[in-house]
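A look at the structure
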Amino acid sequence: MMHQHPTGNPPGNAPPVHQLQSQQQPQPSLQTLQHPAMAQPGAFQAANAIPNIPQPSCTLIHAYNANTVPAPLGPYSSVVRVDNALYVSGVVAIDPKTDKLMVGGVEAETRKAMIYVKRILEEAGSSLERMALVRLYVTHIGDMEKINNVYEEFVSAPYPARVMVEVRSLPLGAHIEVEVMALISSTCRL
């Protein structure tokens, strides 16, 4: 027996977009977060009106290595720009004089990695305030309090989204690696 989809279409046949729109449940307003970028009238209307989202005529992709931080450790770019988004590769606390890991423990490494992230973002036309997502890879999740104490020196409310993942090891024996996604547009901030 073939099961009937709630839209009346058999499984595997997608309903027309107009049927999807009429069945969607209203999404809670993101404006309740009271973020300055969200306070603009209609700032998030386009995201809910799927057919009305303008499609870009092209996508700008630009990859480069920042001049203000040590060079990447392998065949990758330190930052990639896709339209108005920046993707910063994982950053560890490399001593620029020796190209080796900085000594001083997880707090010193966190501070240096965040300084490097700040430099990369500023060189690319963004800032720490425009970070949308931060991923922290750590070798010991028990260091979370120490990391948070340093991390708070670099971020303020409204905070970017963040993920902290414990891993077995990191490049050069680092205790922490920081990866970031940020915006560069001066008219929008997450």
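On a predicted model such as this, the values are computed, not experimentally measured, just so you know. (Residues numbered from 1 in each chain as written. Predicted model: local features only at pLDDT ≥ 70, side-chain atom pairs only at ≥ 80, totals over all residues. Heavy atoms only, no water.)

1. With respect to the side chain of Ser-126
In this structure, Ser-126 sits in the loop between α3 (105-123) and β6 (131-138). The class of Ser-126 is buried, set by a relative accessible area of 7%. A polar contact of 2.5 Å, which involves the side chain of Ser-126, links it to the backbone oxygen of Leu-183. If we ignore the near neighbours within four places in the chain, the residues touching Ser-126 are Leu-86, Leu-121, Ala-182, Leu-183 and Ile-184. (Helix = DSSP H or I, 4+ residues; strand = E, 2+ residues; numbered from the N terminus. Buried < 20%, exposed > 50% of the residue type's maximum accessible area, 1.4 Å probe, protein only. Polar contact = N/O pair within 3.5 Å; in protein donor to acceptor, adjacent residues only side chain to side chain. Contact = heavy atoms within 4.5 Å.)

2. Quick word on the side chain of Glu-177
Counting through the fold element by element, Glu-177 comes out in strand β8 (residues 176-183). It is Arg-135 that comes nearest to the buried, bridge-free Glu-177 among opposite-charge side chains, at 11 Å. Leaving out residues up to four positions away in the same chain, Glu-177 has contacts with Gly-90, Val-91, Val-92, Arg-135, Leu-136, Tyr-137, Leu-170 and Pro-171. (Lys, Arg positive; Asp, Glu negative; His and termini not counted. Salt bridge = Lys/Arg side-chain N within 4 Å of Asp/Glu carboxyl O.)

3. Topic: the pairing of strand β2 (residues 79-82)
When strand β1 (residues 61-64) meets β2, the two strands line up antiparallel, connected through four bridges. Across the sheet, Ile-61 pairs through a bridge with Val-82, a residue of β2. The pairing of β2 with strand β3 (residues 85-91) spans four bridges and is antiparallel. In the sheet register, Val-82 faces β3, and the bridge partner there is Ala-85. (Pairing = 2+ DSSP bridges.)

4. Section: a nonpolar patch on the surface
On the surface, Leu-73, Tyr-76 and Leu-172 cluster together to form a nonpolar patch covering roughly 280 Å² of accessible area. Along the chain, Tyr-76 turns up in the loop between β1 and β2. Residue Tyr-76 is classed as partly exposed on the basis of its relative accessible area, which comes to 37%. (Patch = residues over 30% accessible without salt bridge, like charges linked within 9 Å, V, L, I, M, F, W, Y side chains within 5 Å. Areas by Shrake-Rupley, 256 points an atom, 1.4 Å probe, with all protein chains shown as cover.)

5. Observations regarding the packing of aromatic side chains
Taken as a whole and assessed by the stated rule, the structure comprises zero aromatic pairs. Over the aromatic face of Tyr-151 sits the side chain of Arg-162, whose NZ or CZ is 4.7 Å from the ring centroid. (Phe/Tyr/Trp six-rings, centres within 6.5 Å; stacked < 30°, edge-to-face > 60°. Lys NZ or Arg CZ within 6 Å of the ring centre and 35° of its normal.)

6. A closer look at the pattern of salt bridges
Summed over the entire model, instances satisfying the criterion amount to three salt bridges. The partner of Arg-111 in a salt bridge is Glu-153, with the nearest N and O atoms 2.7 Å apart. Taken together, the residues span a long stretch of sequence, with Arg-111 in helix α3 and Glu-153 in the loop between α4 (144-151) and β7 (161-166) at a distance of 42 residues. With a relative accessible area of 32%, Arg-111 lands in the partly exposed category. Here Arg-135 ties to Glu-179 by a salt bridge, and the two come within 3.1 Å at their closest N and O atoms. Pair noted here: Arg-135 is in strand β6 and Glu-179 is in strand β8, with a separation of 44 residues, a long-range link. With relative accessibility at 31%, the residue Arg-135 sits in the partly exposed group.

7. Some words on the sheet that holds β2
Ordered in space as β1-β2-β3-β8-β6-β7, the six strands form an open sheet in which the pairing is mixed. Looking at the sheet topology across the chains shown, the edges are occupied by β1 and β7. Across this sheet, the average inter-strand angle for adjacent strands is 10°, counted without regard to direction. In the packing of α4 onto the sheet, the strands contacted are β6, β7 and β8, and the crossing angle to β7 comes to about 145°. (Axes fitted to C-alpha atoms, helices over the stretch in contact; angles between N-to-C directions.)

8. Some thoughts on α3
Here α3 contains 19 residues, and its C-alpha end-to-end distance of 27 Å stays within 8% of the 27 Å for a straight helix at 1.5 Å per residue. Gly-125 sits one or two positions beyond α3 and adopts a positive phi of about 95°. (Expected span 1.5 Å × (residues − 1).)

9. Observations concerning unusual backbone geometry
Note that the residue after Ala-157, namely Pro-158, is joined by a cis bond; omega there is -5°. When you line up the elements, Pro-158 lands in the loop between α4 and β7. Phi at Asp-83 is positive, roughly 55°, even though this residue is not glycine.

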